[in-house]
Amino acid sequence: MRTPFFVTTILNMLKRYTTQFWLLCLSTLLFFFSFTVLIPELPDYITSLGGENYKGYIVGLFTISAALSRPISGKLADTIGRLPVMIFGGVVCIAMSLLYPLFTTVFGFLVLRFFHGMSTGFMPTGSVAYLADIIPSDRRGEAMGLVGIMNNIGMMSGYAASSIIVKYLGLTNMFWLSGLLAFIS
């Protein structure tokens, strides 16, 4: 019996890359899951804090911070190294996830959202630079595509799992889980 073409293609692709690359893919998936799992629940959370009129800031502050920190993280990735930049992004993500239950004011929550955005300014920037270091130039496009798939799977599954996690574990435990996943990443 012949192995189907797509199975052969996938198995060949898996063999072409190192364990280091696949760990980067797993890290990317977990990192993106860790912060997107929060997003669907945050509008209700800020409302419970009295911030009904500030829902638009949830993603806005996060995005602005990520955009502002990317040029800085890119420069740092070139000067101090890729791994320290990735680790810094991960540590920021862990810290912010663990602090959400402790900051019970709208202002505190919005400050956390701003600093949480820094994590996505550092971790993905360091990861892409690291990817360029560990992958031969003739396979970088394919490798970036695979890391991008992990990014998308992490985001998609984070959004999808959010309400289920809150239903069975509660909001505070979702924050802790987010921090744990960022730590594992």
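For the structure, see preceding data.
Starting from 1, residues in each chain are numbered consecutively following that chain's sequence as written. Only residues with pLDDT of 70 or above have their local features reported here, since the model is predicted, and side-chain atom pairs are shown and tallied only from 80 upward, although totals for entire chains, interfaces and linings are computed over all residues. Side-chain metrics rest on all non-hydrogen atoms present in the structure, leaving aside hydrogens and water.

Draft legend 1. Up close: the overall build of the chain. Each helix is a run of DSSP H or I of at least 4 residues and each strand a run of E of at least 2, with the numbering of both proceeding from the N terminus. Helix and strand content of the chain: eight helices and zero strands. Its C-alpha atoms give the chain principal-axis dimensions of about 60 × 45 × 25 Å. Exposure classes here rest on a 1.4 Å probe applied to the protein chains alone. A residue is buried below 20% of its type maximum, exposed above 50%, and partly exposed in between. The buried share of the chain, reckoned over its 185 residues, is 46%. Pairs at least 24 residues apart make up 83% of the contacts formed inside the chain by residues separated by at least 6 positions. Accessible surface area values rest on a Shrake-Rupley calculation with a 1.4 Å probe, where residue burial reflects the displayed protein chains alone. For the chain, the accessible surface area stands at approximately 9,700 Å², while carbon and sulfur atoms represent 71% of it. Charge counting treats Lys and Arg as positive and Asp and Glu as negative, with His and both chain ends excluded. Where a charge lies is defined by one atom per residue type: Lys uses NZ, Arg uses CZ, Asp uses CG and Glu uses CD. Taken as two groups, the 11 positive and 7 negative side-chain charges of the chain have centres that lie 7 Å from each other. Contacts are assigned to residue pairs with any non-hydrogen atoms lying within 4.5 Å of each other.

Draft legend 2. Here's a closer look at the nonpolar core. Here, the term nonpolar core denotes a set of buried Ala, Val, Leu, Ile, Met, Phe, Trp, Tyr and Cys residues that are joined through side-chain atoms within 4.5 Å. Core analysis: the largest hydrophobic core is formed by 49 residues, its most contacted members being Tyr17, Phe21, Leu38, Leu42, Phe109, Leu131 and Ile135. Ranked by residues supplied to this core, first place goes to helix H6 (residues 106–134) with 11 residues. Filtering out sequence-adjacent residues up to four positions away, Phe21 remains in contact with Leu131, Ile134, Ile135, Ala143, Leu146 and Val147.

Draft legend 3. Local environment of the side chain of Ser73. In this fold, Ser73 is placed in helix H4 (residues 57–79). In this structure the side chain of Ser73 is engaged in a polar contact, spanning 3.5 Å, whose partner is the side chain of Thr125. Among residues more than four places away in sequence, those in contact with Ser73 are Val85, Gly121, Phe122 and Thr125. Any pair of N or O atoms that falls within 3.5 Å is considered a polar contact. Within protein, one atom must be able to donate a hydrogen and the other to accept it, and sequence-neighbouring residues count only if both atoms are side-chain atoms.

Draft legend 4. The arrangement of the packing of helix H2 (residues 19–36) against helix H5 (residues 82–99) in detail. Note on geometry: axes are C-alpha line fits, over the in-contact stretch for helices, and angles between N-to-C directions span 0 to 180 degrees. For the pair H2 and H5, the least separation of the axes is 11 Å and the interaxial angle reads 30°. Looking at the two axes, H2 sits roughly parallel to H5. When you trace H2 past H5, the crossing you get is left-handed. On the side of H2, the interface is formed by Leu24, Phe31, Ser34 and Phe35, while H5 contributes Met86, Gly89 and Cys93. A class-by-class count of the residues in the contact of H2 with H5 yields five nonpolar, two polar and no charged. Orientation categories follow fixed angle ranges, with anything under 35 degrees roughly parallel, anything over 145 roughly antiparallel, 65 to 115 roughly perpendicular, and all other angles oblique. Handedness of each helix crossing follows the sense of rotation of the near helix against the far helix: counterclockwise by less than a right angle gives left-handed, clockwise gives right-handed. Residue type decides the class: Asp, Glu, Lys and Arg count as charged, Ala, Val, Leu, Ile, Met, Phe, Trp, Tyr, Cys and Pro as nonpolar, and the leftover types, Gly among them, as polar.

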